[in-house]
Amino acid sequence: MDRETDGTLTDTYVAAIQHDRADVPDDATLVGVVRKPTQWFHAAVDENRAALAPSAELLETFRTSVDDLKMRGICAEGAHNAAWGEVGFEAAYREHLEESADARAALADVVDRLEGGESLALVCYENTDKKRCHRTVLRDVLETEGAEVRD
C-alpha cells in the first residue's frame, strides 16, 4: 500500500459516536461490524458489514458462557472478558474470517477502499476500555493485510 494516498483505519463503539466522544477522523466512513444491528445502531453508522461480525454460532456460544459466568456471581464486564477466553473467541473469530467467503470478500473490500484513499472507522457495541471486542482482532487482521491503522 502507498502510505501517501491510502486511507486510515480506526475503530470506536457506537455510544462514543452517539455522545460525540468518538476519536475518529471527520472524513471517516463509519462501518458497523455487527451481526444484528438495531435501528439506533444503523442511525449512528454509515453502513454495516455483518460479514465482518463474529458468526452467529460464536456469538451464541459466547453469550451462553457470559450468562453462565454472571449466574456464578461474576460482574458483567468480568464475565464478558472471562467468556472471551473460555470459548476461545479470538481463534474462532479469526477462523471465521479465514473460512467464510462473505467475510473474505468484505475484508478485501475494506482493504481496497483503504488503498483507494477512503478512511474507515470500524464500529460495534463494545467499549474496549472495559471489554474485549472483535474489532481489535479485525483491526489486526486488516493491518496484516496492509491497512494503515491509526491509534
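Above this note sits the structure.
Read on for a plain summary of the structure. (Residues numbered from 1 in each chain as written. Predicted model: local features only at pLDDT ≥ 70, side-chain atom pairs only at ≥ 80, totals over all residues. Heavy atoms only, no water.)

## Description of the packing of helix α5 (residues 89-99) against helix α7 (residues 134-144)
The interhelical angle for the contact between α5 and α7, taken along N-to-C directions, is 50°, at an axis separation of 10 Å. Regarding the angle of α5 to α7, the classification is oblique. The handedness of the crossing between α5 and α7 is right-handed. Contacts between α5 and α7 pair F89, E90, Y93, R94 and L97 from the former with H134, V137, L138, D140 and V141 from the latter. (Axes fitted to C-alpha atoms, helices over the stretch in contact; angles between N-to-C directions. Helix = DSSP H or I, 4+ residues; strand = E, 2+ residues; numbered from the N terminus. Parallel < 35°, antiparallel > 145°, perpendicular 65-115°, else oblique. Left-handed = near helix turned anticlockwise from the far one by under 90°. Contact = heavy atoms within 4.5 Å.)

## Some points on helix α3 (residues 56-71)
With 16 residues, α3 ought to run about 22 Å at 1.5 Å a step, and its terminal C-alpha atoms sit 22 Å apart, in line with that. Among the structural elements, α4 (76-86) and α5 are those in contact with the buried residues of α3. Looking one or two residues past α3, G73 carries a phi angle of roughly 95°, positive in sign. (Expected span 1.5 Å × (residues − 1).)

## Quick look at the nonpolar core
Ranked by size, the top nonpolar core spans 40 residues in total, and within it L52, L97, L138 and L142 carry the most contacts. Residues contacting L138, with those up to four places away along its chain left out, are V33, L52, Y93, L97, L107 and L122. (Core = buried A, V, L, I, M, F, W, Y, C linked by side-chain atoms within 4.5 Å. Buried < 20%, exposed > 50% of the residue type's maximum accessible area, 1.4 Å probe, protein only.)

## Regarding the pairing of strand β4 (residues 120-124)
The buried count for β4 comes to five of five residues, which makes it a mostly enclosed element. Alternating positions in β4 separate into two faces, L120, L122 and C124 on one and A121 and V123 on the other, with burial throughout. Sheet analysis places strand β1 (residues 8-13) next to β4, joined by five bridges and oriented parallel. Paired with T12 across the bridge in β4 is V123. Of the strand pairs in this sheet, strand β2 (residues 29-32) and β4 are connected by four bridges, and their pairing is parallel. (Pairing = 2+ DSSP bridges.)

## Things to note about the environment of E118
Assignment of secondary structure puts E118 in the loop between α6 (101-115) and β4. Here the alpha-carbon distance between E118 and A44, two residues 74 residues apart in the chain, equals 19 Å. Not counting residues within four places of it along the chain, the set of residues in contact with E118 comprises G7, T8, T29 and R113. Only 2.6 Å separates the side chain of E118 from the side chain of T29, close enough to count as a polar contact. (Polar contact = N/O pair within 3.5 Å; in protein donor to acceptor, adjacent residues only side chain to side chain.)

## Focus on the packing of aromatic side chains
How two aromatic rings sit relative to each other is given by the distance of their centres and the angle of their planes. Under the defined criterion, the tally for this structure stands at five aromatic pairs. Between W40 and Y125, the ring centres sit 5.7 Å apart and the planes meet at 65°, which makes this aromatic pair edge-to-face. With W40 in helix α2 (residues 39-44) and Y125 in the loop between β4 and α7, this pair connects stretches of sequence that are 85 residues apart. Measuring from centroid to centroid gives 4.4 Å for W84 and F89, while their planes differ by 25°, and the two rings are stacked. Assigned by exposure class, W84 and F89 land together as buried. Among the aromatic side chains, those forming a connected cluster through ring pairs are F62, W84, F89 and Y93. (Phe/Tyr/Trp six-rings, centres within 6.5 Å; stacked < 30°, edge-to-face > 60°.)

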